[in-house]
Amino acid sequence: MNQPVFVSGTQQSIVVPRDATTIYLLRIADTCLILAQRLSEWCGHAPVLEEDIAMANMALDLLGQARALFAHIGQRPGIDLDEDRLAFLRDERDYFNVTLVELPNGTSGRRDFAFTTLRNAVMATFLKLLWERLSSSSDEAVAAIAGKALKEARYHQQHAGEWVVRLGDGTDESARRLDAARQRLWIYVAELFDADDVDDAAEAMGLGPRWSALHDAWHAEMAILFDEARLPAPTTRPSAFRSTGKIGRHSEHMGYLLADLQYLQRAYPGGVW
Amino acid sequence: MNPQPASADSSSEFPLWEVFVRSKAGLDHKHCGSLHAADAKMAIQHARDVYTRRQEGVSIWVVRSDHIVASDPGDKAMYFDPMEDKVYRHPTFYPLPASVDHM
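Residues numbered from 1 in each chain as written. Chains lettered and ligands numbered in written order. Predicted model: local features only at pLDDT ≥ 70, side-chain atom pairs only at ≥ 80, totals over all residues. Heavy atoms only, no water.

*Asks:* In this structure, what is going on with the overall build of chain B? I would like to understand it.
*Replies:* Within chain B, the secondary structure is distributed over two helices and three strands. For chain B, the sequential pattern of α-helices and β-strands runs β-β-α-β-α. Here chain B holds 103 residues, and 17% of them are scored as buried. With an accessible surface of roughly 7900 Å², chain B has 57% of that area assigned to carbon and sulfur atoms. (Helix = DSSP H or I, 4+ residues; strand = E, 2+ residues; numbered from the N terminus. Buried < 20%, exposed > 50% of the residue type's maximum accessible area, 1.4 Å probe, protein only. Areas by Shrake-Rupley, 256 points an atom, 1.4 Å probe, with all protein chains shown as cover.)

*Asks:* How should I be thinking about helix α5 (residues 140–168) of chain A in this particular structure?
*Replies:* Each α-helix turn comprises 3.6 residues. Residues three or four places apart therefore point the same way. Residues and elements named next belong to chain A. Across its 29 residues, α5 extends 41 Å between first and last C-alpha, which sits within 8% of the 42 Å expected from 1.5 Å per residue. Of all the bends in α5, the greatest measures close to 30° and is centred on Ala149. Here α5 lies mainly inside the structure; 21 of its 29 residues are buried. One side-chain oxygen of the residue at the start of α5 lies 3.0 Å from the amide nitrogen of Ala141, identifying that residue as Asp139. (Expected span 1.5 Å × (residues − 1). Bend = angle between axes of the 7 residues up to and from the residue. Polar contact = N/O pair within 3.5 Å; in protein donor to acceptor, adjacent residues only side chain to side chain.)

*Asks:* Honestly, the packing of aromatic side chains in this entry has me stumped. Any pointers?
*Replies:* Two aromatic rings are characterised by how far apart their centres lie and by the angle between their planes. Residue and element names in this part refer to chain A. Tallied over the entire structure, the rule returns nine aromatic pairs over all chains. Relative to Phe193, the ring of Phe126 has its centre 5.7 Å away and its plane inclined at 70°; by these criteria the two rings are edge-to-face. Residue Phe126 is located in helix α4 (residues 113–134), and its partner Phe193 is located in the loop between α6 (172–185) and α7 (197–204); the two are separated by 67 residues in the primary sequence. Residue class for Phe126 comes out buried when judged on its relative accessible area of 1%. The buried category is assigned to Phe193, whose relative accessible area is 11%. The ring of Tyr95 is capped by Arg90, whose NZ or CZ atom sits 4.2 Å from the centre of that ring. (Phe/Tyr/Trp six-rings, centres within 6.5 Å; stacked < 30°, edge-to-face > 60°. Lys NZ or Arg CZ within 6 Å of the ring centre and 35° of its normal.)

*Asks:* Can you help me understand the interface of chain A and chain B in this one?
*Replies:* On the side of chain B, 15 residues touch chain A, which itself brings 14 residues to the contact. Overall, the association of chain A and chain B removes approximately 1400 Å² of surface from exposure, summing both partners, and the carbon and sulfur fraction of that is 54%. Considering only the side of chain A, the residues that lose the most area to chain B are Glu50, Tyr155 and Arg166 of chain A, jointly responsible for 42% of the buried surface there. Our count for the contact surface shared by chain A and chain B stands at two salt bridges. Between chain A and chain B we count ten residue pairs in polar contact (both at pLDDT 80 or more) in total. Secondary-structure elements contributing two or more residues to the side of chain A that touches chain B are α2 (49–74) and α5 of chain A. Tallying contributions element by element places α5 of chain A first for the side of chain A that touches chain B, with six residues. Residues of the side of chain A that touches chain B, tallied by class, amount to five nonpolar, five polar and four charged. (Contact = heavy atoms within 4.5 Å. Buried area = accessible area lost by both parts, 1.4 Å probe. Salt bridge = Lys/Arg side-chain N within 4 Å of Asp/Glu carboxyl O. Nonpolar A, V, L, I, M, F, W, Y, C, P; charged D, E, K, R; others polar.)

*Asks:* What is the right way to look at the packing of α2 of chain A against α4 of chain A in this model?
*Replies:* Between two packed helices, both the angle of their axes relative to each other and the distance between the axes serve to describe the pair. Residue and element names in this part refer to chain A. Orientation of α2 relative to α4, taken along the N-to-C sense of each, is 35°, at an axis distance of 13 Å. Considering the relative orientation of α2 and α4, their crossing is left-handed. Contacts from Glu51, Met55, Met58, Leu62, Gln65 and Leu69 in α2 reach Phe113, Thr116, Asn120, Leu127 and Trp131 in α4. Among the residues forming the contact of α2 with α4, the class breakdown is seven nonpolar, three polar and one charged. (Axes fitted to C-alpha atoms, helices over the stretch in contact; angles between N-to-C directions. Left-handed = near helix turned anticlockwise from the far one by under 90°.)

*Asks:* Even after reading the chapter, I still don't get the sheet that holds strand β1 (residues 16–22) of chain B, so can you show me in this structure?
*Replies:* Residues and elements named next belong to chain B. Taking strand neighbours across the sheet as the criterion, the three strands line up as β2-β1-β3 in an open arrangement whose pairing is antiparallel. Each edge of the sheet is formed by a strand with only one pairing partner; in this case those strands are β2 (29–36) and β3 (59–64). Between one strand axis and the next, the sheet turns by 25° as a mean value, whatever way the strands run. Pairing between β1 and β2: seven bridges, direction antiparallel. In the sheet register, Val19 faces β2, and the bridge partner there is Gly33. The sheet strands contacting helix α1 (residues 40–51) are β1, β2 and β3, and the helix crosses β2 at an angle near 110°. (Pairing = 2+ DSSP bridges.)

*Asks:* I keep staring at the pairing of β1 of chain B and nothing clicks. Help me out?
*Replies:* Remark: a regular strand shows side chains that alternate across the two faces of the sheet. Residues and elements named next belong to chain B. Across the seven residues of β1, five count as buried, placing the element largely inside the fold. Adjacent in sequence and paired antiparallel, β1 and β2 are bridged by six residues, among which Gly26 carries a positive phi angle near 100°. Looking at chain direction, β1 and β3 are connected through six bridges and run antiparallel. Bridge pairing links Val19 to Val62 in β3.

*Asks:* How do you make sense of the pattern of salt bridges when you look at a structure like this?
*Replies:* Pairing between side chains of opposite charge can happen when the charged atoms of each approach one another. All names here are of chain A. Overall, the coordinates contain 22 salt bridges over all chains when judged by the stated rule. Put simply, Glu221 and Lys128 hold a salt bridge, and the shortest N to O gap is 2.9 Å. On the criterion of sequence distance, the pair formed by Glu221 in helix α8 (residues 215–228) and Lys128 in helix α4 is long-range, its members being 93 residues apart. A single salt-bridge network, built from bridges that share partners, covers Asp112, Glu173, Arg176 and Arg177.

This is the structure we're talking about:
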């Protein structure tokens with residue numbers, strides 16, 4: 001009987017440089033990629049056909065934003081990685097998305113439209129503000145990507161925001177579910193605005209803003225939305241819990257998500273359309 | 001929205017809307033299909049997501065399907081057949097200036 005042969009192929013995990021620019025851009029790209037993955041899980045399962053298409057559209061917008069950033073990151077000096085390898089061949093600790101976007105779409109295996117909708121509103125509002133600032137990045141490629149992504153994020157914010165109002169100001173059941181979603185996701189929001197050395201470096205070189213600098217504008221927009229949706233005013237009370245996806249330490253859900261996301265590229269190395 | 005019982009009958013579905021899309025500036029809005037939506041904003045957004053995914057449009061109209069008044073199919077012969085032999089109503093008996101588009 002033949003001995004198994006182990007070869008190093010493209011399915012081996014890649015390692016990414018840990019300089020501030022790479023990490024700053026991967027945080028954005030990974031946040032878009034992982035939210036796109038979660039949204040795409042709704043495909044064929046949304047409450048109504050029209051919303052199914054709407055969510056797939058948003059997932060594809062986010063995926064396109066991630067792809068553009070991966071292509072750019074992969075061509076930076078000293079890096080030679082294509083977008084597929086960056087998207088699919090990293091280990092969990094080398095993804096830098098915020099934890100909020102990797103959380104499952106519901107609890108106990110049941111999808112929850114209110115949770116997805118409120119998360120979309122939180123993230124679209126945040127990403128809109130981030131793309132606005134990035135459109136004047138010192139990195140011209142990033143500025144160009146931001147200019148296109150900004151239009152998409154504006155639509156995502158409008159679409160998700162109007163659903164949040166419909167649910168919050170709808171029936172007793174929809175309001176109850178929206179408030180449950182708020183309580184479930186809110187402890188993960190603080191991570192969005194945590195600042196660290198990566199943010200400081202990005203701000204100093206003009207690459208992009210400290211994410212913490214977006215907090216006040218984000219909070220003001222969410223407060224208006226919550227008021228319309230009859231939700232209690234959004235707070236960011238200090239809490240002992242801090243999610244840490246941005247520094248590569250993820251929740252227990254991330255491994256399962258990556259298994260789904262990476263399966264095809266790991267099983268069929270280099271596979272393309 | 002009013003509280004509605006969860007049931008499979010059509011009364012618990014979102015109302016139906018007709019969608020009209022203008023493909024480019026200067027052309028008219030054309031009917032392209034219908035969809036379900038709870039309110040006017042949702043109808044516009046769903047129309048955008050369902051009917052303009054491939055750059056089909058630059059403007060959208062929606063109208064509740066039950067607000068459209070239609071002619072009775074039973075009146076078809078009385079309404080439309082008398083025009084059959086009036087070919088002189090077509091503007092085909094004189095040349096159009098070259099500058100006239102979309103007649």
